[in-house]
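# Commentary on secondary and tertiary structure
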Amino acid sequence: QVQLVESGGGLVQPGGSLRLSCAASISIFTFSTMGWYRQAPGKERELVATITGVTTKYSDSVKGRFTISRDNAKNTVYLQMNSLKPEDTAVYYCNGNYPLLGVIRDYWGQGTQVTVSS
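These remarks concern the structure in this document. (Residues numbered from 1 in each chain as written. Predicted model: local features only at pLDDT ≥ 70, side-chain atom pairs only at ≥ 80, totals over all residues. Heavy atoms only, no water.)

## Topic: the overall build of the protein
Of the regular secondary structure elements, the protein holds 0 helices and 11 strands. Along the protein, helices (α) and strands (β) appear in the sequence β-β-β-β-β-β-β-β-β-β-β when read from the amino end. Projected onto its principal axes, the C-alpha positions of the protein cover 45 × 30 × 25 Å. Long-range pairs, those at least 24 residues apart, make up 55% of the contacts in the protein between residues at least 6 apart in sequence. Working note: accessible area of the protein is about 6,300 Å², and carbon and sulfur atoms make up 50% of it. With 11 positive and 8 negative side-chain charges, the protein shows a separation of 4 Å between the mean positions of the two kinds. (Helix = DSSP H or I, 4+ residues; strand = E, 2+ residues; numbered from the N terminus. Contact = heavy atoms within 4.5 Å. Areas by Shrake-Rupley, 256 points an atom, 1.4 Å probe, with all protein chains shown as cover. Lys, Arg positive; Asp, Glu negative; His and termini not counted. Charge placed at Lys NZ, Arg CZ, Asp CG, Glu CD.)

## Points about the state of the cysteines
What is meant by a disulfide is a covalent connection between two cysteines, made through their sulfur atoms. Scanning all chains against the criterion turns up 1 disulfide. The disulfide partner of Cys22 is Cys94, and the S-S distance across this bridge is 2.0 Å. The sign of the -75 degrees torsion about the S-S bond sets the Cys22-Cys94 disulfide as left-handed. Within this pair, whereas Cys22 is found in strand 3 (residues 18-24), its partner Cys94 is found in strand 9 (residues 90-100), the two being separated by 72 residues in sequence. (Disulfide = S-S within 2.5 Å.)

Next comes the structure, spelled out in structure tokens:
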């Protein structure tokens, strides 16, 4: 069974940094795309960043502050978050997907809370 397990969330002051990790139970080469999404209270889940091979994509709100990367040997994807703002407060979810017989198979982690507050 495919599992994605996030870690690294916590409480940080504005301007601080955190690094989130997403460990997969299978080789991350299996996934076409892996990414990070977030959901703040009362808001819909939104895309933060994705990585497909070596190609990365970011939402405008985090571009220049967040960096997504992958360690294939550890089957882990990271999200380095710098210059954090209170509006970055949310539950962050790891996602991995791949096509199988014409259907996109989507997998999600359980989420990790990030709170940016003084």
